[in-house]
Amino acid sequence: MLRVNLLLLAVLVACALSLVTSRHQARNLFVDLEREQARGRAFETEFGQLQLEQSTWAAPARVEKIAREQLRMLLPPPARVEMVPAGGAK
């Protein structure tokens, strides 16, 4: 009877340690999940800011201004502008 009780006690201790270990691991994984979700939100915010910056840098008015002022480019006169049909030239 004593052996059975000791065996049951050992199984009980093993189960208790297993439970504590699994809960600790679950909490650590939850903390990691929260941290990674926060990083994901930060990346989404940064991506939005970068898209806004890209649209600002590529604005047609800005590109035209740089072409005129820094590269000294001019719009061609209307006589030199040739319109190409949308289907392509035949």
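Before reading on, note that the structure itself is shown above.
Conventions adopted
Along each chain, residues carry numbers from 1 onward, in the same order as the chain's sequence is written. For a predicted model such as this one, the threshold for reporting local features is a pLDDT of at least 70, and the threshold for listing and counting side-chain atom pairs is 80 or more; totals across whole chains, interfaces and linings nevertheless cover every residue. Values shown for side chains rest on all heavy atoms present in the structure; no hydrogens or waters enter the calculation. Runs of H or I in DSSP of at least four residues are treated as helices and runs of E of at least two as strands, each being numbered from the N terminus. Only the C-alpha atoms count toward the radius of gyration. The rule for a globule is 2.2 Å times the residue count to the power 0.38. Only protein chains enter the accessibility calculation, which uses a 1.4 Å probe. A residue is then buried if its area is under 20% of the maximum for its type, exposed if over 50%, and partly exposed in between. Methods summary: accessible areas were calculated by the Shrake-Rupley approach with a probe of 1.4 Å, and residue burial reflects only the protein chains presented. We score Asp and Glu as negative and Lys and Arg as positive, and we do not count His or the chain ends. Each charge is placed at NZ for Lys, CZ for Arg, CG for Asp and CD for Glu. Residues with no salt bridge and a relative accessible area higher than 30% make up the patches, which join like charges within 9 Å and nonpolar side chains (Val, Leu, Ile, Met, Phe, Trp, Tyr) within 5 Å. Salt bridge criterion: a side-chain nitrogen from Lys or Arg within 4 Å of a carboxyl oxygen from Asp or Glu.

Caption draft 1: Highlighting the overall build of the protein chain. From N to C terminus, the protein chain includes 2 helices and 0 strands. Rg of the C-alpha trace for the protein chain: 34 Å, well past the compact-globule value of 12 Å for 90 residues, more than 25% over. Each principal axis of the C-alpha atoms in the protein chain carries an extent, and together these give about 110 × 35 × 15 Å. The buried share among the 90 residues of the protein chain stands at 1%. When the accessible surface of the protein chain is summed, it comes to about 8,900 Å², and 65% of that surface belongs to carbon and sulfur atoms. Mean positive and mean negative side-chain charge positions of the protein chain (12 and 9 charges, respectively) differ by 5 Å.

Caption draft 2: Here's a closer look at a nonpolar patch on the surface. Together, Leu2, Leu6, Leu9, Leu12, Val13 and Leu17 make up an exposed nonpolar region whose accessible area comes to about 610 Å². By secondary structure assignment, the location of Leu9 is in helix α1 (residues 2-57).

Caption draft 3: Representation of the pattern of salt bridges in the model. By the definition in use, this model includes 3 salt bridges. Between Glu36 and Arg39 there is a salt bridge; the shortest N-O distance is 3.2 Å. Here Arg39 and Glu36 lie together in helix α1, a separation of 3 residues that amounts to about one turn. The class of Glu36 is partly exposed, set by a relative accessible area of 42%. Judged by its relative accessible area of 43%, Arg39 is partly exposed. The closest approach of N and O atoms between Arg68 and Glu64, which form a salt bridge, is 3.9 Å. Here Glu64 and Arg68 lie together in helix α2 (residues 60-69), a separation of 4 residues that amounts to about one turn. The partly exposed category is assigned to Glu64, whose relative accessible area is 39%.

Caption draft 4: Quick peek at the environment of Ala38. Tracing the chain through its elements places Ala38 in helix α1. Sequence separation of Ala38 and Ser22 is 16 residues, and the distance between their C-alpha atoms is 24 Å.

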